[in-house]
Amino acid sequence: MKCIVCDSTNVGIAFHLENGPRYAQKLLNAPDDEGGERIEVKLYQCADCGMIQIDPDTLEHDEYFEDYLMSRSCTELYVQYDNELADILDGKYGLKGQSIVEVGCGDGFFGELLIGRGAEVAAIEPSRTACDRAEKRGVKCYNTFLDPSIEDSVKEKFDGFVSKQVMDLVKEPNTFLSSLGKILKPGAWGLIDVPSWTKTLLDMRYYDVLPDRMGYYTAKTLVEVLERNHFHVVEIFHGAEDEYVGAYVVYEGEENGLLKRFNAEFAEFGERFTSLMQGYRDAGKKVAAWGAGAKGVTIFSFTGMDASTIAYVVDKDEFKWNKYLPGSKLKVVPPETVADQPVDAVIITGVMFYKEITRQLVNEFGFKGDIILISPMPRVLSREELDAVLAS
């Protein structure tokens, strides 16, 4: 037997549950229905990556997923959890106009929440019963499994994806994720969550050992399988009172895809920045910068800036005043210099602080010129954006 995450054969028994049910997530229509017997359930742990799993050969549930339904909206906790996730996704990625695929949509409850926030939602769902429910909520459903032939059924490429409490049921998570990648745009964002093995261990929940759950994930093993399949993990979270461990991810599109894009766009950044600075210089306008931290030092160095292009660099830290940036040799001055030595534009190098710096420039020093941002590409803050920042 191999580890379902890293393919190692260095696995051994971690827990043995006697007299478990054949199915834990599918109820019988009659006492003598197939699947009503008791079985032994053994959990195995990979000594190399730490993954906990059952033996894939004992997992017999593909057929019942074809007529399976799990309602997402039966409990207040789940409704609250899903609404919180939908709000977070909207805040992180702006769902309006985004195309999203949900893998395993159940009754379509979460998809409907995303639609309500402006997204266009499709789903890959093997259960015809679930598809019927989800389509009534406005979710476009592909009644199929997510497998290597998915492009035969799904011709779209999506901006983002969600997969909630699905991958723990999958025998081959690497195949699952590589198949998902086939229908995503490079750089697509995603949300994936699974039941937390950590929660099971901490709360001594022996009843969470289910014969129809393939993988028992922790934050570590979830990151491991995602990163192996070119999904960069941006953030790990635990939700619904720690029942689930989840991750926000970005899909590379290929091995080292983000790094390749990073290299390609580096040249574009330099060209845009120097062109922007040259424009001010040709017009006889003066430019300053705010922020003498590492980002500013690096940008002004690799773009070839000096005092002939940038008049000075403002910083609130008095220990930096009257010192000079390595590379560009630009002088660091107090914030009041903006009022004493007016300029036509200010570059904000502290990306994460641009809102508070913008407000200080305008409200404290009466700055009326252009405010230049450097992320993800150099650009002048629009009037609409400036008004929104000042009002925030």
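Only a predicted model underlies this, so the values are computations on that prediction, with no experimental measurement involved.

Caption draft 1: The arrangement of the overall build of the protein in detail. The helix and strand tally for the protein stands at 13 helices and 17 strands. Taking 392 residues into account, the globule formula puts the C-alpha radius of gyration at 21 Å, and the protein, at 27 Å, lies well above it. When its C-alpha atoms are laid out on the principal axes, the protein stretches across 85 × 45 × 40 Å. Buried residues in the protein amount to 47% of all 392 residues. Partitioning the intrachain contacts of the protein with sequence separation of at least 6 by distance along the chain shows that 65% fall at a separation of at least 24.

Caption draft 2: The arrangement of the side chain of Asp315 in detail. As for its position among the elements, Asp315 is in the loop between β13 (313-314) and β14 (332-333). Using a relative accessible area of 10% as the deciding quantity, one classes Asp315 as buried. Polar contacts involving the side chain of Asp315 include one to the main-chain amide nitrogen of Ala292, which spans 2.8 Å. At 2.9 Å, the side chain of Asp315 and the backbone nitrogen of Asp317 are in polar contact. Aside from chain neighbours lying at most four places away, what touches Asp315 is Gly291, Ala292, Gly293, Lys320, Trp321, Val332, Val333, Pro334 and Pro335.

Caption draft 3: How the structure looks around the sheet that holds strand β11 (residues 244-251). Ordered in space as β6-β5-β4-β7-β8-β11-β10, the seven strands form an open sheet in which the pairing is mixed. Two strands close off the open sheet at either side, each with one partner strand: β6 (140-142) and β10 (231-239). Pairs of neighbouring strands in the sheet enclose a mean axial angle of 20°, with direction left out of account. Direction of pairing for strand β7 (residues 158-164) relative to strand β8 (residues 184-195): parallel, over a ladder of six bridges. Its bridge partner being in β8, Gly160 is matched across the sheet by Trp189.

Caption draft 4: Quick peek at the environment of Glu18. Position of Glu18 among the secondary structure elements: in strand β1 (residues 11-21). For Glu18 and Leu201, which are 183 residues apart along the polypeptide, the C-alpha to C-alpha distance reads 18 Å.

Caption draft 5: Highlighting the pairing of β11. Burial runs high along β11: eight of the eight residues are buried. Going residue by residue along β11, you find Tyr244, Gly246, Tyr248 and Val250 tucked away on one face and Val245, Ala247, Val249 and Tyr251 tucked away on the opposite face as well. In this structure, β8 lies alongside β11, joined through seven bridges in antiparallel fashion. Along β11, the bridge assignment pairs Pro195 with Tyr244.

Caption draft 6: View of unusual backbone geometry. Note that the residue after Ser375, namely Pro376, is joined by a cis bond; omega there is -5°. One can find Pro376 in the loop between β16 (370-373) and β17 (379-380). For Asp7, which is not glycine, the phi torsion reads 70° and is therefore positive. Among the secondary structure elements, Asp7 is positioned in the segment before β1. With a phi angle near 50°, Gln165 is a residue other than glycine that sits in the positive phi range. If you trace the backbone, Gln165 turns up in the loop between β7 and α6 (173-181). With relative accessibility at 11%, the residue Gln165 sits in the buried group.

Caption draft 7: Focus on the nonpolar core. Counting residues in hydrophobic clusters, the biggest one holds 49 residues, and the most contacted among them are Met167, Leu180, Leu184, Tyr217, Leu226 and Phe231. Those elements giving two or more residues to this core turn out to be β2 (38-46), β4 (99-103), β5 (120-124), β7, α6, β8, α8 (219-228) and β11. Setting aside anything within four residues of it in sequence, one finds Met167 in contact with Pro173, Phe176, Leu177, Ile192, Val194, Tyr217, Leu222 and Val225.

Reading the values: rules and limits
- Residues numbered from 1 in each chain as written.
- Predicted model: local features only at pLDDT ≥ 70, side-chain atom pairs only at ≥ 80, totals over all residues.
- Heavy atoms only, no water.
- Helix = DSSP H or I, 4+ residues; strand = E, 2+ residues; numbered from the N terminus.
- Rg over C-alpha atoms; globule rule 2.2 N^0.38 Å.
- Buried < 20%, exposed > 50% of the residue type's maximum accessible area, 1.4 Å probe, protein only.
- Contact = heavy atoms within 4.5 Å.
- Polar contact = N/O pair within 3.5 Å; in protein donor to acceptor, adjacent residues only side chain to side chain.
- Pairing = 2+ DSSP bridges.
- Axes fitted to C-alpha atoms, helices over the stretch in contact; angles between N-to-C directions.
- Core = buried A, V, L, I, M, F, W, Y, C linked by side-chain atoms within 4.5 Å.

That's the geometry; what it means functionally is another story.
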